[in-house]
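Results of the structural survey
So you can see what is in the structure, the chains are spelled out below.
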Amino acid sequence: MVRFETNRLVVRDVVEGDLDIMFSIYTQEKNMRYISDGRYDWTIFELRDKYSRINKSYSYGYGIFIVELKDSGVVIGEAGLFSFDRENKIFELGYILDSVYWEKGYGTEICRGLINYAFASLKAKCVLARMYASNKASVRLCEKCGMQKWNSGIAENGKEFYEYRCYKI
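The model shown is predicted, which means the values in this text are computed figures rather than measured ones. (Residues numbered from 1 in each chain as written. Predicted model: local features only at pLDDT ≥ 70, side-chain atom pairs only at ≥ 80, totals over all residues. Heavy atoms only, no water.)

**Examining the side chain of Arg165**
- Assignment of secondary structure puts Arg165 in strand β8 (residues 160-167).
- Under the relative-accessibility criterion, Arg165 is labelled buried at 12%.
- Within the local environment of Arg165, its side chain forms a polar contact with the side chain of Tyr167, the two groups lying 3.1 Å apart.
- Contacts of Arg165, omitting those with residues within four sequence positions, involve Phe84, Cys126, Val127, Leu128, Met147, Gln148 and Trp150. (Helix = DSSP H or I, 4+ residues; strand = E, 2+ residues; numbered from the N terminus. Buried < 20%, exposed > 50% of the residue type's maximum accessible area, 1.4 Å probe, protein only. Polar contact = N/O pair within 3.5 Å; in protein donor to acceptor, adjacent residues only side chain to side chain. Contact = heavy atoms within 4.5 Å.)

In structure tokens, the structure reads:
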């Protein structure tokens, strides 16, 4: 199921055929450098389990989705919305792109698309994003998408993180 489209991207549900390409993305150190624990030693079974577990939320409209190029159908990564506080309609966004697609504006399209989808389809009141302070590209991206720095702190691994939020007006 297609969740939303941007000018250049289609964001849709994960299907079994997506596992091999996502596995190749998840097992590259550069791609995973800023993702929570930075782990890149995934097995295909762990990845399948992760998608299965998280995507039980598909019936609610959120979870991890595949990001593909609209003109070619090439899978370039994943994007997701996660229930941070379902009762209060607060969702966290996140994405992972293969590094060969970095610095091409896809992150901006994905984040704006996720924010719009969350407010329009999920009736979110707030969308947030958390990232390591050292991830300057994600910090700039959040600001570019109209998010405001809300909080900062130290993660369990000792790294400084920022939290950005935007609210439906």
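Don't stop here, the text continues.
**Points about the layout of surface pockets**
- In this structure, the largest pocket encloses a volume near 1400 Å³.
- Along the walls of the largest pocket sit 48 residues, with Tyr34, Ile35, Tyr95, Asn135 and Ser138 positioned nearest its centre.
- Mapped by element, the contributors of at least two residues to the lining of the largest pocket are α2 (29-32), α3 (44-54), β4 (75-85), β5 (90-97), α4 (106-121), β6 (126-132) and α5 (136-144).
- Broken down by element, the residue count for the lining of the largest pocket peaks at seven residues, all from α5.
- Here the lining of the largest pocket is composed, by residue class, of 25 nonpolar, 10 polar and 13 charged. (1 Å grid on protein atoms, 1.4 Å probe; cavity = no way out; pocket = protein on both sides within 12 Å on 5 of 7 lines; lining within 4 Å. Points joined across faces, edges and corners; volume = space filled by probe spheres on them. Nonpolar A, V, L, I, M, F, W, Y, C, P; charged D, E, K, R; others polar.)

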